[in-house]
Amino acid sequence: MQKIIAPALAALLSSAALPGLANATVTVLGWPGGSEETALRATVEVYNKTASDADKVELLFFNRDGFFDKLQADMAAGSTAFDINLVATYSIGRYAPYMEPVDLGADAAKVFGDSVLKTMQFDGKQYGVPTDLSLHFMYYRKDLIDALMKDDAAKKTYAELAKKVLGKDLQPKDPDSWTWDDWAATALYFSKQANPDSPVRYGTVLQMKNLLFNMMVFQSLPRSYGGDWMDASGNVTVDSDAYKTALQLYKTLYDAGASPKDSLSYEYPETNAAFAAGQAATALQWNAAAADLTSAEKSPAVDDVTGIVAPPAGPNGRADHIHGLGLGLNKNAKNKEGAVKFLKWLATEDAALTYAKSGGSPALTPEVVAKVASERPDLVKLGEFASKYGYVMTGATSANALSVYELQAKEFTGYWSGQQSLEDALAHTKTGMQDLLKK
């Protein structure tokens, strides 16, 4: 992370340094680059066509490097260079002191659903409009699963491996009906180390690098077993049976060779590469990978045989980590009235559909996403999974949320790599989280 250079940022954001911004009625600081910028520009263009001169919007972007630290420094300094600023689920707690909650109106829930709106909430208050959502899909090889389901000898091998390694009596199932044990048994069956007759080298590709975002991928497993960061009284509960079961399952698969041995250095690109190359039968991966893994140009080895379902179920059902990027109100905004008008409009169905058609990734309710299903089929699953299974861990929007994920990554990777025991990993994590999450 870059060092914070507040004076330089102040100069960058000053209207003098940004020709044209001095006349902007509502200035919006957005996320630079990629589909988010493209979609926001297109949506603002639509808004400005009908907005009065007093409500027109102008956009502002700066570099991604050190973006969140720079933004916090500028907001803490009382910047008035923008009326509306970017906010992310895991950073809301950092910015909330410098922002004002916003009432998006009753129709916002009809557009996004309650679980998606919660990705932009802190201490029960709404701090932004959720523009782009990230969650996880379970990707799997349809051809391999179909062949397994039709082969009695393969089913027998599958059952023997499940009993030997997992201690469970299991039979192959349709992936949309998987529990985590079913997924684990499938991962074992399709791993050369566990099953020399496997048609591919690995049953899955685990993201186990000491990296905070990998914890977001992992944590839907303990969540589906009832795990959370804290209970209703604010007590840290990471040392639960749910987390123990989840951590042990990852280690069991890693030790059995179901995931590559260098998985301890894997994150998003390595998982994508392994699956796209046809080397793995399954992969729990970000929804952003869908476009690449189903592309004949980018993933010709698997594009037409890649299936997508929600993450497997635990005793508490399915769970899918969600976080979002959104836009909220700067406490020091020069034009709060115009800013609130734009934010409320951005939460309407028409605006959300415009954003989706322009390449953004909003999570929409089934009734709304159906209107763009032919153009954006990926958003159908995004909205469905977010609304049915989406969750935000208790405390995951706090000021130190990113530090919690970093702590977990360090300790959990230490356990998976054999550097410390499960008990020590959870004890260290609990102690650290108690310090980070205390009021």
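Residues numbered from 1 in each chain as written. Predicted model: local features only at pLDDT ≥ 70, side-chain atom pairs only at ≥ 80, totals over all residues. Heavy atoms only, no water.

### Remarks on the overall build of the protein
Logical step 1: Helix and strand counts for the protein come out as 20 helices and 15 strands.
Logical step 2: Compactness check: the protein gives a C-alpha radius of gyration of 23 Å against a globular reference of 22 Å for 439 residues, within 12% of the reference.
Logical step 3: Its C-alpha atoms give the protein principal-axis dimensions of about 70 × 50 × 35 Å.
Logical step 4: Counting all 439 residues of the protein, 57% fall into the buried class. (Helix = DSSP H or I, 4+ residues; strand = E, 2+ residues; numbered from the N terminus. Rg over C-alpha atoms; globule rule 2.2 N^0.38 Å. Buried < 20%, exposed > 50% of the residue type's maximum accessible area, 1.4 Å probe, protein only.)

### Points about the sheet that holds strand β8 (residues 136-141)
Logical step 1: Read across the open sheet, the three strands follow the order β9-β8-β10; overall the sheet is antiparallel. Strands with a single pairing partner mark the edges of an open sheet, and in this sheet they are β9 (282-286) and β10 (306-309). The average angle at which neighbouring strand axes cross in this sheet is 30°, direction not considered.
Logical step 2: Of the strand pairs in this sheet, β8 and β10 are connected by four bridges, and their pairing is antiparallel. (Pairing = 2+ DSSP bridges. Axes fitted to C-alpha atoms, helices over the stretch in contact; angles between N-to-C directions.)

### Digging into the pattern of salt bridges
Logical step 1: A complete count under the given rule lists 19 salt bridges for this structure.
Logical step 2: Here D55 makes a salt bridge to K341, at a shortest N to O gap of 3.3 Å. You can see D55 sitting in the loop between α2 (34-50) and β2 (57-60) and its partner K341 sitting in helix α15 (residues 336-346), a full 286 residues away along the chain.
Logical step 3: Salt-bridge contacts for R376 lead to D378; the nearest nitrogen and oxygen are separated by 3.1 Å.
Logical step 4: For R376, a relative accessible area of 14% corresponds to the buried category.
Logical step 5: Look at the salt bridges and you will find they share partners, linking D55, E337 and K341 into a network. (Salt bridge = Lys/Arg side-chain N within 4 Å of Asp/Glu carboxyl O.)

### Description of helix α12 (residues 241-255)
Logical step 1: Counted at 1.5 Å a residue, the expected span for α12 with its 15 residues is 21 Å, and the 21 Å between its end C-alpha atoms agrees.
Logical step 2: The complete set of buried residues in α12 reads A242, Y243, A246, L247, L249, Y250, K251, L253 and Y254.
Logical step 3: Backbone geometry just after α12 places G257 at a positive phi near 85°. (Expected span 1.5 Å × (residues − 1).)

### Things to note about the environment of A246
Logical step 1: Looking at where A246 falls in the secondary structure, it is placed in helix α12.
Logical step 2: Classification of A246 by relative accessible area gives buried; the value is 0%.
Logical step 3: Each C-alpha atom of the pair A246 and T282 lies 17 Å from the other, and the pair is 36 residues apart in sequence.
Logical step 4: Apart from residues no more than four positions distant in its own chain, A246 is found in contact with F218, L221 and P222. (Contact = heavy atoms within 4.5 Å.)

### A few points about the pairing of β2
Logical step 1: The pairing of strand β1 (residues 26-29) with β2 spans four bridges and is classified as parallel. Bridge assignment links V28 to a residue of β2, and that residue is L59.
Logical step 2: In terms of handedness, the path from β1 via α2 over to β2 forms a crossover that is right-handed. (Right-handed = clockwise from strand over helix to strand, strands pointing away.)

### What to know about unusual backbone geometry
Logical step 1: Notably, D123 is not glycine yet its phi reads approximately 50°, a positive angle.
Logical step 2: Examined against the element boundaries, D123 turns out to sit in the loop between β5 (121-122) and β6 (125-126).

### A look at the pairing of strand β14 (residues 323-330)
Look at any regular strand and the pattern is simple: side chains alternate between the two faces of the sheet.
Logical step 1: Burial runs high along β14: eight of the eight residues are buried.
Logical step 2: As judged from the five bridges shared by strand β3 (residues 84-88) and β14, these two strands associate in the antiparallel manner. Looking across to β14, one finds that I84 is bridged to L329.
Logical step 3: As paired strands, strand β4 (residues 99-100) and β14 are joined by two bridges and run antiparallel to one another. Paired with E100 across the bridge in β14 is L329.
Logical step 4: Note that strand β7 (residues 129-134) and β14 share five bridges and pair antiparallel. Bridge pairing in β14 places S134 opposite H323.

So yeah, pure geometry; function would need other evidence.
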